[in-house]
Amino acid sequence: MSPPQDLTANTKYLIPSKGGPLTACNTPKPTILLKSKEVLIRVKAVAINPADCKMIDSGHRVTSWPLVPGLDGAGVVEAVGSEVDSFVVGNRVLATFVSGNRGASFQKFAVVDEKMVAKIPGHWPFEEAAGLGVCYMTAIIALGIGLQSNLPFLRQSLPTKIKPGFNRRPVLILGGSSALGAATIQLLRLAAPHCTILTTSSPKHHYHLTANLGATAAYDRNSRSLIEDIKLATEGYRGVDAIIDAVGAARTDGRVFNAFDPNGSKRYAQVWTGDEEIEVPDGVESVLFRGRDLSKLQGGDNAMASLQALLEKRRYKLPLPVRMVGYGLEGLERGLELMRKGVSGEKLVVGL
Ligand SMILES: NC(=O)c1ccc[n+]([C@@H]2O[C@H](COP(=O)([O-])OP(=O)(O)OC[C@H]3O[C@@H](n4cnc5c(N)ncnc54)[C@H](OP(=O)(O)O)[C@@H]3O)[C@@H](O)[C@H]2O)c1
């Protein structure tokens, strides 16, 4: 028989100082410290993001140590603040978390603002819901800020400076098999049903990106004829109007700028990877976007509520297959190690 669980105890998986190691540490459960709009979540599964490794290994954006990492996860609502009206105790939820301490996902009990939480429909297991948040949020920003695209599924989103016909112009998404790229393909297809969406990845992911997520065509990112193939897929061999670089691909392959239509908007939206901003050729309009730009987006506060609605209506799919890599401390260590080596078209998930 297993020993009785201490329901007042939290287990945090923390990094004492830059470089690690990940350490399990028991602390009191943070219930009594809830602010009015906060939700306490019993985390059941977490997903690993590249940013977790960047924070742990090089202190990327870390302001103090020890650090509890973890930006993605899913679990059950354990308690709610006095003014929380969208969630009740027992709801199955996913959230985007804030690494640092009480708001991070690598712990049994985490506290997040209610606007960062979404309910999970009954058919979604925690393991699959755990990795939905960060890539969805960043994809919203890639489209809303990077492309200035209308986002009809985002409540209170107003059309911004969209040029007539923009949503029909071809867009190239570099890194379609990354979590961010896969989420962006899906959301762009929802936002612009008639848009020609071209993407790059390893060939083994092409079927998933086109048949399941809605890309018009996918190309081998290492192909010698990449630019020619992309141009051939556009009307009159003109090229694409905009590029979303979900992985910083242009840093190592400057050819991608040749895919632009010389008479198009030549808008290049690059995700902030933590490295120096990628320099662009003259005439290309570069926009750097990152998850924390959400507050700059009209309707951004409703992003998770909109995800909940998309999931309920089955309009948003799992962007990438999930790979469970273990449980607890050992699972987290394994997940981080696999992420350091690099993943291909899958989301690493750990049970807590
Ligand atoms: N600043 C922010 O707020 C924020 C938020 C989210 C993500 N990010 C950053 O965005 C990047 C992507 O994150 P993620 O979680 O989506 O990554 P991920 O899922 O770990 O990305 C892995 C994928 O990247 C693809 N890839 C790598 N280099 C490529 C290239 N040159 N061309 C095309 N595909 C390439 C690989 O494709 P194949 O295996 O198919 O070859 C692989 O499937 C990371 O740098 C991350 O830190 C930043």
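Residues numbered from 1 in each chain as written. Predicted model: local features only at pLDDT ≥ 70, side-chain atom pairs only at ≥ 80, totals over all residues. Heavy atoms only, no water.

> What should I look at first to understand the packing of aromatic side chains in this one?
A ring pair, where both rings are aromatic, is described by two values, the distance of the centres and the angle of the planes. Throughout the structure, instances matching the rule amount to 3 aromatic pairs. Each ring, one from Tyr136 and one from Tyr316, has its centre 5.7 Å from the other, and the planes form 80°; the classification is edge-to-face. Of this pair, Tyr136 sits in helix α3 (residues 133-146) while Tyr316 sits in the loop between α7 (303-312) and β14 (322-327); the two residues are 180 residues apart in sequence, bridging distant segments of the chain. A relative accessible area of 0% means that Tyr136 is categorised as buried. (Phe/Tyr/Trp six-rings, centres within 6.5 Å; stacked < 30°, edge-to-face > 60°. Helix = DSSP H or I, 4+ residues; strand = E, 2+ residues; numbered from the N terminus. Buried < 20%, exposed > 50% of the residue type's maximum accessible area, 1.4 Å probe, protein only.)

> Quick question: what am I supposed to make of the layout of surface pockets here?
The probe, sized like a water molecule, is rolled over the atoms to show the empty space still left. The computed volume of the second largest pocket comes to approximately 210 Å³. Around the second largest pocket, the lining comprises 14 residues; the ones closest to its centre are Ser86, Phe87, Val117, Arg155 and Ala305. Contributing elements (two or more residues each) for the lining of the second largest pocket: β7 (117-119) and α7. Element by element, the count of residues in the lining of the second largest pocket is highest for α7, at 3 residues. Partitioning the lining of the second largest pocket into residue classes produces 4 nonpolar, 3 polar and 7 charged. (1 Å grid on protein atoms, 1.4 Å probe; cavity = no way out; pocket = protein on both sides within 12 Å on 5 of 7 lines; lining within 4 Å. Points joined across faces, edges and corners; volume = space filled by probe spheres on them. Nonpolar A, V, L, I, M, F, W, Y, C, P; charged D, E, K, R; others polar.)

> I'm lost on helix α1 (residues 50-58) in this one. Help?
Since the α-helix turns once every 3.6 residues, residues separated by three or four places project in the same direction. By the burial criterion, the buried members of α1 are Asp52, Cys53, Met55 and Ile56. Taken down its axis, α1 places every buried residue within 165° of arc, on the same side. On its buried face, α1 sits against β3 (38-47) and α8 (328-341). Immediately downstream of α1, the backbone of Gly59 shows phi near 70°, a positive value. (Arc of directions from axis to C-beta. Contact = heavy atoms within 4.5 Å.)

> Please explain the domain arrangement of the protein chain as it appears in this structure.
How large an interface is tends to be reported as the accessible area lost when its parts come together. The domain architecture assigned to the protein chain consists of domain 1 (9-132 + 318-351) and domain 2 (135-294). Taken over C-alpha atoms, the centre of domain 1 sits 28 Å from the centre of domain 2. Contacts between the two partners involve 14 residues from domain 1 and, on the opposite side, 18 residues from domain 2. Buried area between domain 1 and domain 2, summed over both chains or domains, comes out near 1,100 Å², and the portion from carbon and sulfur atoms is 58%. By the criterion of area lost to domain 2, the three top residues of domain 1 are Arg61, Pro319 and Leu320, representing 38% of everything that side buries. Scanning the region where domain 1 abuts domain 2 turns up 0 salt bridges. Broken down by class, the residue content of the side of domain 1 that touches domain 2 amounts to 6 nonpolar, 5 polar and 3 charged. (Domains from an automatic or database assignment. Buried area = accessible area lost by both parts, 1.4 Å probe. Salt bridge = Lys/Arg side-chain N within 4 Å of Asp/Glu carboxyl O.)

> What's the story with the confidence of the model for the protein chain in this structure? I'm lost.
Regions with low pLDDT should not have their predicted coordinates read in detail. Overall, the predicted model of the protein chain reaches an average pLDDT of 93, with 94% of residues at or above 70. In the model, residues 1-5 has pLDDT below 50 throughout and makes 1 contact with residues more than four positions away in sequence or in other chains. (pLDDT = per-residue confidence, 0-100.)

> Can you walk me through unusual backbone geometry in this structure?
Between Gly20 and the following residue, Pro21, the backbone shows a cis peptide bond with an omega angle of 0°. The topology assignment puts Pro21 in the loop between β1 (9-14) and β2 (23-28). Omega for the peptide link from Trp65 to Pro66 comes to 0°, which places this bond in the cis form. Along the polypeptide, Pro66 turns up in the loop between α1 and β4 (72-80). A positive phi angle, close to 60°, is found at Arg61, a residue other than glycine. Mapped onto the fold, Arg61 is located in the loop between α1 and β4. With a phi close to 55°, Arg314 is a non-glycine residue in the positive phi region. Looking at the secondary structure, you find Arg314 in the loop between α7 and β14. The exposure class assigned to Arg314 is exposed, which follows from its relative accessible area of 62%.

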